[in-house]
Amino acid sequence: MRTKFPVEALSKIQTPFYYYDTDMLQQTLDTVNSEASKYNNYHVHYAVKANACQPILKQIQASGLGCDCVSGGEVKACLEAGFDPKKIVFAGVGKADWEINVGLDADIFCFNVESIPELEVINELAGDKNMKARVALRINPNVDAHTHHYITTGLNENKFGISLQQMEKVIDHIKQLKNIELIGLHFHIGSQILEIDPFEALSIRVNEIQDLMEKNGINISVINVGGGLGVDYVEPDTNPVPEFDKYFATFNRYLNLRKGQQVHFELGRSIVCQCGSLITKVLYVKEGDNKKFVIVDAGMSDLIRPALYEAHHVIQNLSSHSTKIETYDVVGPICESSDCFGKEEQLPTTHRGDLMALRSAGAYGQIMACQYNCRALPKDIYSKDII
Ligand code: LLP
């Protein structure tokens, strides 16, 4: 299945906007569910940070996934979308008191905790409410994810998690905290991981840590291995659904679980990326000295990934039927040189008014939009609403 764009209907909507193919999202969700359910103790939480639009959250909730939040705002968005608090996990290196209280008041499944000071605050706030907060310790496994340095999180040099050296001290400390119940270990090594090796390395590291914990007589029921499965940004129509089968099979092969242990996953990009495109209109085609520029009405404020990570999203001209292919730089209207979506793009002859799609933009696209240059935030349009 590939995304089909209802060009006629889309051309009537004010650009730029995000277009979500809800059938594509459903196909992805169905695949995740059928692959994960091959293992009776695997549970997938959707990483809300990738896209928090309510219709998307509701569709994901309806398919039975849990959710992984990193802010009080995300926890609220998930409650609003109907997620069962028992399926909500809450991570983040810097949770404010009010955010912890949002989680406690909803009695969410688990806080993924990253430091002793944070444990102490959760203990105190849970004590005020006569509650016991369930926590998983986020351990920094020092495993290289071989991905962009901005989205690598599992190395000692990163700010995330508790180092392996400090882990035992932290576990010891928890014994003194009456309002904390340690239920799990949490890991996340990075994002957009296309090789299977880093997940294998993570599993082996988790086994070592479990051996150590067993020696110290500590039992935990949840192993949360985070997210990170990458998607095909180069050929989104060839591989619209990521290889969930290989991903889950890797953990099944390498992870040594103890009796009754549950494995949690926090997948974001792999679930929502390919269902979304940023739709933009060509404002001008400008002849430079040695090149032609296609100036579109979407900018880095709508999709910041190219400017921030040098990411590339396939650019598709939805209107042009020209058989002549020309070379263009595709740029936005914002006053920054980094506001560029593609250099030397091969596109059919392009004209003012053509509708363009920036593909694979469902994850970390709309949610990272900002209002730089006093621009409006992009809206979201869903295929299911277009007749
Ligand atoms: N769990 C934790 C603790 C995370 O930090 C992340 C992503 C995920 C799960 C979900 O990872 P995913 O399955 O989506 O790879 N803005 C960047 C990506 C940042 C990812 C941050 N953490 C981008 O546009 O590429």
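Let's shift gears to the domain arrangement of the protein chain. By the assigned domains, the protein chain splits into domain 1 (22-273) and domain 2 (274-386). Relative to domain 2, the C-alpha centre of domain 1 lies at a distance of 33 Å. Both faces considered, domain 1 and domain 2 share a buried interface measuring about 2100 Å² in area, 57% of it formed by carbon and sulfur atoms. Summed over the three residues of domain 1 that lose the most area to domain 2, namely Thr22, Tyr233 and Cys273, the buried surface amounts to 29% of that side. Applying the counting criterion to the domain 1 and domain 2 interface returns one salt bridge. Two residues, Asp237 and Arg359, come together in a salt bridge whose shortest N-O distance is 2.9 Å. Our count for the domain 1 to domain 2 interface comes out at 11 residue pairs in polar contact (both at pLDDT 80 or more).

A separate point is helix H3 (residues 54-62). Within the span of H3, buried status applies to Gln54, Ile56, Leu57, Gln59 and Ile60. The elements touched by buried residues of H3 are strand E1 (17-20), helix H2 (22-36), strand E2 (42-47), helix H4 (72-81), helix H10 (269-272) and strand E17 (379-382).

What follows deals with the nonpolar core. Judged by nonpolar contacts, the single largest core of 99 residues is most densely connected at Phe111, Leu137, Phe248, Phe265 and Ile271. Composition of this core by domain shows at least three residues from each of domain 1 (22-273) and domain 2 (274-386). Ignoring sequence-local partners within four residues, the contact set of Phe111 consists of Phe90, Lys95, Ile100, Gly103, Leu104, Ile122, Ala133, Arg134, Val135 and Ala136. One finds Leu10, Ile279, Leu355 and Ala357 within the second-largest nonpolar core, a separate group that totals nine residues.

Once that is clear, we can look at the site of the ligand. In the vicinity of the ligand there are 18 residues, among which Ser191, Glu266, Arg305, Tyr309 and Tyr364 approach most closely. Within the side chain of Arg305, an N or O atom sits 2.6 Å from an oxygen atom of the ligand. For the ligand, a nitrogen atom lies 2.7 Å from a polar atom in the side chain of Tyr309. For the ligand, whose free accessible area comes to 590 Å², the fraction covered by protein is 92%. Elements with a minimum of two residues in the shell around the ligand: strand E10 (262-267) and helix H11 (305-309). Partitioned by chemical class, the residues of the shell around the ligand number six nonpolar, six polar and six charged.

Further remarks concern the packing of aromatic side chains. Applying the stated criterion across every chain yields a total of 14 aromatic pairs. Relative to Phe111, the ring of Phe90 has its centre 5.8 Å away and its plane inclined at 35°; by these criteria the two rings are tilted. Here Phe111 lies in strand E5 (residues 110-113) and Phe90 lies in strand E4 (residues 88-90), a separation of 21 residues in the sequence. A cation over a ring is seen here: Lys95 above Phe90, with NZ or CZ 5.6 Å from the ring centre.

The rules behind the values
- Within any chain, residue numbers begin from 1 and follow the written order of that chain's sequence.
- Per-residue local features are limited, in this predicted model, to residues with pLDDT of at least 70; the limit for side-chain atom pairs, both in listing and counting, is 80 or more; totals at the level of whole chains, interfaces and linings are taken over all residues.
- As a convention, hydrogens and water are excluded, and side-chain values are obtained from all of the structure's heavy atoms.
- Domain extents, as shown, originate in an automatic or database domain assignment.
- Summed over both partners, the accessible area lost on bringing two parts together, with a 1.4 Å probe, is the buried area.
- The term salt bridge refers to a pairing of a side-chain nitrogen on Lys or Arg with a carboxyl oxygen on Asp or Glu at a separation within 4 Å.
- Polar contact is defined as a pair of N or O atoms within 3.5 Å, subject to the rule that within protein one atom must be able to donate a hydrogen and the other to accept it, and that residues adjacent in sequence are counted only when both atoms are side-chain atoms.
- Each residue is assigned to one of three classes by its accessible area relative to the maximum for its type, calculated with a 1.4 Å probe on protein chains only: buried under 20%, partly exposed between the two thresholds, exposed over 50%.
- Only DSSP runs of H or I with at least four residues qualify as helices, and only runs of E with at least two residues qualify as strands; both kinds are numbered from the N terminus onward.
- Working rule for contacts: check all heavy atoms of both residues, and any pair within 4.5 Å makes them a contact.
- In this description, a nonpolar core means a group of buried Ala, Val, Leu, Ile, Met, Phe, Trp, Tyr and Cys residues linked to one another through side-chain atoms lying within 4.5 Å.
- Near, as used in this document, describes a residue that has one of its heavy atoms within 4 Å of the molecule or strand being considered.
- In this description, accessible areas are obtained by the Shrake-Rupley approach with a 1.4 Å probe, and a residue is regarded as covered only by the protein chains that are shown.
- Charged means Asp, Glu, Lys or Arg here, nonpolar means Ala, Val, Leu, Ile, Met, Phe, Trp, Tyr, Cys or Pro, and polar covers whatever is left, Gly included.
- Two rings from Phe, Tyr or Trp (for Trp, the six-membered ring) form a pair when their centres are within 6.5 Å of each other. A pair whose planes differ by under 30 degrees is stacked, one over 60 is edge-to-face, and the rest are tilted.
- Sitting over a ring, as applied to charges here, requires NZ of Lys or CZ of Arg to be within 6 Å of the ring centre and within 35 degrees of the ring normal.

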